[in-house]
Amino acid sequence: MNKSGIEWCDHTWNPITGCRHGCSYCYADKMSLRFCGNMKRNMVQTDQYRMEGDLFVLDKPFMNEDGKPVIYPFGFEPTLHIYRYDTLDKLKQGQNIFVGAMADIFGEWVTDSWIDDILGICEKHPQHNYLFLTKNPERYTQYGVPYGKENIWYGTTITCDADAGRFNYLPAGCNTFVSIEPLMGDIVSKHNVMFRQVDWIIIGAETGHNKNKIVPELQWIKDIVVKADYNSVPVFMKDSLIPIVGEKNMRRDFPKQLQIHKRSEKVNKKLSGNCMLCGKTEDKNKMVTLTARAVRGGKATSFGHMCHSCFAKWLTSHNIPVPNLENKKEIEDGKEKL
């Protein structure tokens, strides 16, 4: 699990790496070759991996001769990293997670069982939002992705008029988005209906070694934004567009669902408490903590919580002045009096 440098998500999770689309502008392909080590040597280390057909499977991290992990031992060949299955356990606060930033999870070469595993893990961590992005959106329906899941987003990549029709294969009844990156041409004139069918639009220019090879025209971007605004679709512009549109014109819009960071059940139990009088459940930091000392000057120990309303009633019933519960200092003073 990595803190993401991709502006539109919090983290990336790569239980699968590698892809067979062969896109000339792919950043992930170039990155995998930088961190593959000696692939010829890696291939003969058959005790460190196994095969499922022509796909690689790693049950444990692949190690080089110095005992250091090799992140992409087979370059950009599709590889399942089973040892990464438990990495979501480390994130307690809900995050927006891009699943497969170094792969195409729904590529036609990926087995259903791999997708089953990944979606099953997502199901066990419902506090997160999961974003999938593919150039093969037909697979969403072929596989039978679960509909109506508020925390799962299905996207497809569009670059120009020739592939803009991919949005038609995004699954109905689901959160959907398009990533128009790199933007290589005018896509609005022939594909107006797209703006009525998707829930989010991301736009970016080509980066890396192909930067400035095709620079999006300002009018192409303006046309997308105008159509999106007309259909109330949020638009997120990546930093690569700053030289074209200017910093003050950058749009960083997120759908409402992706603005909410939920907590896991474990964290909820840890941070919430029940009022000792009415039983109401609330975050502990929004309640009054009741403490006591065995001896004067000794360490105070918490023994319970009260909601503000019950705390005020309890003080009144014992003829104790009610402090201003919005003022932390007065609350602390009130604790001392108790």
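This section reports on the structure supplied with the text. (Residues numbered from 1 in each chain as written. Predicted model: local features only at pLDDT ≥ 70, side-chain atom pairs only at ≥ 80, totals over all residues. Heavy atoms only, no water.)

## As for the overall build of the protein
Looking only at helices and strands, the protein features 10 helices and 18 strands. Its C-alpha atoms give the protein a radius of gyration of 26 Å, clearly above 20 Å, the size a compact globule of 338 residues would have. When the backbone C-alpha atoms are referred to their principal axes, the protein occupies close to 75 × 55 × 35 Å. Within the protein, the fraction of its 338 residues that count as buried is 47%. (Helix = DSSP H or I, 4+ residues; strand = E, 2+ residues; numbered from the N terminus. Rg over C-alpha atoms; globule rule 2.2 N^0.38 Å. Buried < 20%, exposed > 50% of the residue type's maximum accessible area, 1.4 Å probe, protein only.)

## Comments concerning the sheet that holds strand β8 (residues 79–81)
Pairing is mixed in the open sheet, where 4 strands are placed in the order β3-β8-β5-β4. At either end of the open sheet lies a strand with only one pairing partner, and these are β3 (16–17) and β4 (50–52). Two strands pair when backbone bridges link them, and β3 and β8 are joined in this way by 2 bridges, in the antiparallel orientation. Looking at the pairing, I16 lines up with L80 of β8. Lying on the sheet, helix α3 (residues 112–124) is in contact with β3, β4, β5 (55–58) and β8; it crosses β5 at an angle near 40°. (Pairing = 2+ DSSP bridges. Contact = heavy atoms within 4.5 Å. Axes fitted to C-alpha atoms, helices over the stretch in contact; angles between N-to-C directions.)

## Here we look at the packing of aromatic side chains
Evaluation of the coordinates by the stated rule reveals 17 aromatic pairs. Measuring from centroid to centroid gives 4.9 Å for Y49 and F74, while their planes differ by 65°, and the two rings are edge-to-face. Residue Y49 is located in the loop between α2 (39–44) and β4, and its partner F74 is located in the loop between β7 (69–70) and β8; the two are separated by 25 residues in the primary sequence. Residue classification places F74 among the buried positions, given a relative accessible area of 3%. (Phe/Tyr/Trp six-rings, centres within 6.5 Å; stacked < 30°, edge-to-face > 60°.)

## Observations concerning the state of the cysteines
Under the criterion given, the structure shown has 0 disulfides. Sulfur of C26: no disulfide; nearest cysteine sulfur belongs to C19 and is 6.3 Å away. Given a relative accessible area of 16%, C26 falls into the buried group. In this structure C122 is not part of a disulfide, and its nearest cysteine sulfur, from C174, lies 14 Å away. We classify C122 as buried; its relative accessible area is 2%. (Disulfide = S-S within 2.5 Å.)

## Here's the deal with the environment of N14
Along the chain, the position of N14 falls in the loop between β2 (11–13) and β3. Taking C-alpha positions, N14 is 43 Å from G279, a pair spaced 265 residues apart along the chain. In contact with N14, other than residues within four places in its own chain, are H81, R84, G100, A101 and M102.

## Overview of the pattern of salt bridges
Evaluated as defined, the whole model comprises 13 salt bridges. The shortest N-O distance in the salt bridge between E65 and R41 comes to 3.4 Å. Taken together, the positions of E65 in the loop between β6 (62–63) and β7 and R41 in helix α2 put the pair 24 residues apart, joining distant regions of the chain. Residue classification places R41 among the partly exposed positions, given a relative accessible area of 22%. A single salt-bridge network, built from bridges that share partners, covers E7, E181 and K238. (Salt bridge = Lys/Arg side-chain N within 4 Å of Asp/Glu carboxyl O.)

## Describing helix α6 (residues 218–230)
Across its 13 residues, α6 extends 18 Å between first and last C-alpha, which sits within 8% of the 18 Å expected from 1.5 Å per residue. Within α6, the full set of buried residues consists of W220, I221, I224, V225 and A228. Along α6, the residues classed as buried sweep out an arc of 130° about the axis, all on the same side. Opposite its buried face, α6 presents the exposed residues V226 and Y230, each directed more than 90 degrees away. Considering only its buried residues, α6 is in contact with β12 (175–180), α5 (194–197), β13 (201–203), β14 (235–237) and α7 (242–245). Of the residues one or two after α6, S232 is the one with positive phi, at around 55°. (Expected span 1.5 Å × (residues − 1). Arc of directions from axis to C-beta.)

## Considerations on the pairing of β5
Both faces of β5 are covered, namely the face carrying L55 and V57 and the face carrying F56 and L58. Summarising the sheet, β4 and β5 pair through 3 bridges and their orientation is antiparallel. Among the inter-strand pairings, M51 is bridged to a residue of β5, identified as F56. Between β4 and β5, which pair antiparallel one after the other, the connecting turn spans 2 residues, and G53 there sits at a positive phi close to 70°. Of the pairings in the sheet, the one linking β5 to β8 comprises 3 bridges and is parallel in character. Looking across to β8, one finds that L58 is bridged to H81.

## Brief notes about the environment of K30
Inspection of the secondary structure assignment puts K30 in helix α1 (residues 27–34). Taking the C-alpha atoms as reference points, K30 and G75, separated by 45 residues in sequence, lie 9.1 Å from one another.

## Quick notes on the nonpolar core
In terms of nonpolar packing, the biggest core is built from 63 residues, with F132, V178, M194, I201 and I224 touching the most fellow members. Setting aside anything within four residues of it in sequence, one finds M194 in contact with I158, F167, V178, I180 and I187. Of all hydrophobic cores here, the second largest spans 13 residues; its members include W8, C9, L133 and W153. (Core = buried A, V, L, I, M, F, W, Y, C linked by side-chain atoms within 4.5 Å.)

## Re the side chain of S240
Relative to the helices and strands, S240 resides in the loop between β14 and α7. Side-chain polar atoms of S240 contact the backbone nitrogen of A205, separated by 2.9 Å. Setting aside its immediate chain neighbours within four residues, S240 contacts G204, A205 and T207. (Polar contact = N/O pair within 3.5 Å; in protein donor to acceptor, adjacent residues only side chain to side chain.)

On their own, these measurements won't tell you what the molecule is for.
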